[in-house]
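These are the residues of each chain, in order.
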Amino acid sequence: MSNIGSENIIEIKGIKKCFDDFVAVEDFNLEVKKGEFVTFLGPSGCGKTTMLRMIAGFELPTEGHILLNGKDISILPPNKRPINTVFQRYALFPHLNVFENIAFGLKMKIVEVTYKNKSGDTIVRKEKLSRKEIREKVKRALEIVDLEGFEKRDISTLSGGQQQRIAIARAIVNEPEILLLDEPLGALDLKMRKEMQLELKSMHEKLGITFIYVTHDQEEALTMSDKVVVMSDGMIQQVGTPEEIYNEPSNVFVADFIGESNIFDGKMYGNKTVHFCGTEFKCMDDLPVGSDVDVVVRPEDVEMTTVENGQIKGTVTSVIFKGMHYDIAVQSGDNEILVKSTKSAVIGESIGLNIQPEGIHVIHSETNVNVYDGIITAVDKVSFADGEFDCNITNLFPSAKIENNHLVDQDGNKINVSGTKVTVKVPVTAPSMSDDIDAGGTNGHIISLIYKGDHYRYIVRTKSGEDVHLHDQSLWNENDYVSIIIPKDSIELSLKEEEV
Ligand code: ATP
């Protein structure tokens, strides 16, 4: 950590990357300090590699700028950037030995050498590196990756971990200012991964250069990084130190993705007082009284006690021994609460649970109401979110009524409603999902699910990118293609202000 400088080596400003109509990265802003170990963390497909490839120069941004030491490099080709990349698949040359693999780039390298001639004039010449220089550089790179003396070995005789170290040696031998690592440990088994994580961290300290690392493994990110960038759906969700993103997640996605969490729907009942799981708790966060909140409680912050002494009472439904601790599930009313404890419990036992204010993290609740731009298509139909739904439009025109399938005013004149622009509001508790794709008004893929103790919260994305937030008791899978059913009476319409 002592290697981190005060100035930025990389500044990423307003980056957007589209592949045809698909937006892979959006609104990406980040500063990376010299010598920092920064990790892009997020689920598969969230845009981590795409962002890394733009820093490397393998992809060009659709919008925005990437600055290196203050200079815009957004459209500079990869070989003109002082940046090297290590990929998950090592991409070593199988027919070359270790030395030749690492020296490959060096043999092509042209450096400027300054001489003084007989008359004392300074002459700058472009030269290749000498054999001796190459040998020394390769030797030093092998020392850094802890494979001294491996020069003559065939690539095929190396283990996966050793091959990955050679790939790293090949990247650092060029002395880049920045090393980009795209899931470099992805192909290794768990034990080797853990060893290599620590080795990479120590290599980073030895080299003193900037590392930008991509992974979907949260433990890996927490172990190695100075700064973690949590991404979802092409966008940054939070940037912080490993401690910050673990202890102070900025939204439920981060809380759910980083470590294990209990996440409940709650409401602020008073000054630093939050209500969830049927009980009032004191908390550290001071949000406005009456606001709907998401409450995050780490399982290790739930203490087991006797029924009489518990803020919450419940019944133990599962106990799993995990070596250092037990994972215990407790059912309290409709809510399931997960506890991590060094003490065990007995299935079926009634117990009490306590949570200290420091263990309760309160976040402003995400959408409780879905809001869409809609258009009335018939006297009882509204179209929004790429679909058409039954609705009740009489409240839009209070003095009108429906006669023979037409809306008529007090004098019996027909009102043409087709094409009327409306704002549509649907509470998150209203929609339901069906796997019969014709059952509902619109269709989409589940892009996110979060367990909230007594229900799951889902986001379903329609084909044009409209999101439907909804609650459901049952467990569906991410990426399931579903249809969305919304009861007519839950669709609230209001006339849209005419645009001037
Ligand atoms: P993973 O961990 O699985 O590698 P990731 O977070 O690195 O995921 P990316 O590889 O950046 O994700 O991909 C983000 C999205 O962009 C994905 O939906 C992917 O299919 C899409 N994508 C990436 N490259 C291209 C491309 N060249 N053309 C079209 N779509 C692409």
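Residues numbered from 1 in each chain as written. Predicted model: local features only at pLDDT ≥ 70, side-chain atom pairs only at ≥ 80, totals over all residues.

A tally of regular secondary structure across the chain gives eight helices and 35 strands. Taken over C-alpha atoms, the radius of gyration comes to 29 Å for the chain, far larger than the 23 Å a tight globule of 500 residues would show. For the chain, the C-alpha atoms occupy an extent of roughly 105 × 65 × 45 Å along the three principal directions. Residues counted as buried form 34% of the 500 residues belonging to the chain. Counting only contacts in the chain whose residues sit at least 6 apart along the sequence, the fraction spanning at least 24 positions is 65%. (Helix = DSSP H or I, 4+ residues; strand = E, 2+ residues; numbered from the N terminus. Rg over C-alpha atoms; globule rule 2.2 N^0.38 Å. Buried ≥ 20, exposed ≤ 12 C-beta atoms within 10 Å, placed from the backbone. Contact = placed C-beta atoms within 7 Å.)

Here the focus is the site of the ligand. In the vicinity of the ligand, the contacting residues are Phe19, Phe22, Ala24, Gly42, Ser44, Gly45, Cys46, Gly47, Lys48, Thr49, Thr50 and His216. Ranked by the residues each element gives to the shell around the ligand, the list is headed by helix H1 (residues 48-56), at three residues. Looking at the shell around the ligand residue by residue, the classes come out as four nonpolar, seven polar and one charged. (Near = placed C-beta within 6 Å. Nonpolar A, V, L, I, M, F, W, Y, C, P; charged D, E, K, R; others polar.)

In a regular helix each residue adds 1.5 Å, so 18 residues correspond to 26 Å; helix H5 (residues 190-207) covers 25 Å between its end C-alpha atoms and thus fits that length. Considered for burial, the residues of H5 that qualify are Met196, Gln197, Leu200, Met203 and His204. The buried residues of H5 occupy one face: seen down the axis, they fall within an arc of 135 degrees. Those residues of H5 that are exposed and angled more than 90 degrees off the buried face are Lys191, Leu198, Ser202 and Lys206. Along its buried surface, H5 packs onto strand S3 (37-41), helix H3 (131-144), helix H4 (160-172), strand S10 (210-215) and helix H6 (218-224). Downstream of H5 by one or two residues, Gly208 has phi in the positive range, about 70 degrees. (Expected span 1.5 Å × (residues − 1). Arc of directions from axis to C-beta.)

Ordered in space as S17-S21-S18-S19-S20, the five strands form an open sheet in which the pairing is antiparallel. Because the sheet does not close on itself, it has two edges, and the strands there are strand S17 (302-305) and strand S20 (335-341). Each neighbouring strand pair of the sheet contributes to a mean axis angle of 45 degrees, computed without reference to strand direction. (Pairing = 2+ DSSP bridges. Axes fitted to C-alpha atoms, helices over the stretch in contact; angles between N-to-C directions.)

Its domain assignment divides the chain into domain 1 (8-82 + 176-247), domain 2 (260-364) and domain 3 (369-495). Here domain 1 and domain 2 have C-alpha centroids that lie 35 Å from each other. (Domains from an automatic or database assignment.)

In this section: the pairing of strand S11 (residues 227-232). Burial analysis of S11 places six of its six residues in the buried class, the great majority of the element. Of the two faces of S11, the one lined by Lys227, Val229 and Met231 and the one lined by Val228, Val230 and Ser232 are each fully buried. As paired elements, S3 and S11 share four bridges and run parallel to each other. What sits directly across from Val38, in S11, is Lys227. Strand direction decides the pairing type here: S11 and strand S12 (residues 235-240), joined by five bridges, are antiparallel. Pairing of Met231 across the sheet is with Ile236, part of S12. The hairpin turn running from S11 into S12, its antiparallel successor, is two residues long, and Asp233 in that turn takes a positive phi close to 60 degrees.

Our next topic: unusual backbone geometry. Positive phi, close to 50 degrees, is recorded for Asp20, a residue that is not glycine. By the element assignment, Asp20 lies in the loop between strand S1 (8-19) and strand S2 (22-33). Phi at Asn69 takes a positive value of approximately 45 degrees, unusual for a residue other than glycine. Looking at the element boundaries, Asn69 is found in the loop between strand S4 (63-68) and strand S5 (71-72). What makes Asn69 partly exposed here is the crowd of 13 C-beta atoms within 10 Å.

A word on the sheet that holds strand S28 (residues 414-415). Within a sheet, neighbouring strands are paired by backbone hydrogen bonds and run either parallel or antiparallel to one another. Read across the sheet, three strands follow the order S26-S27-S28 without closing on themselves; strand pairing throughout is antiparallel. Each end of this open sheet is capped by a strand with a single partner; those strands are strand S26 (401-403) and S28. Sheet analysis places S26 next to strand S27 (residues 406-408), joined by three bridges and oriented antiparallel. Among the inter-strand pairings, Glu403 is bridged to a residue of S27, identified as His406.

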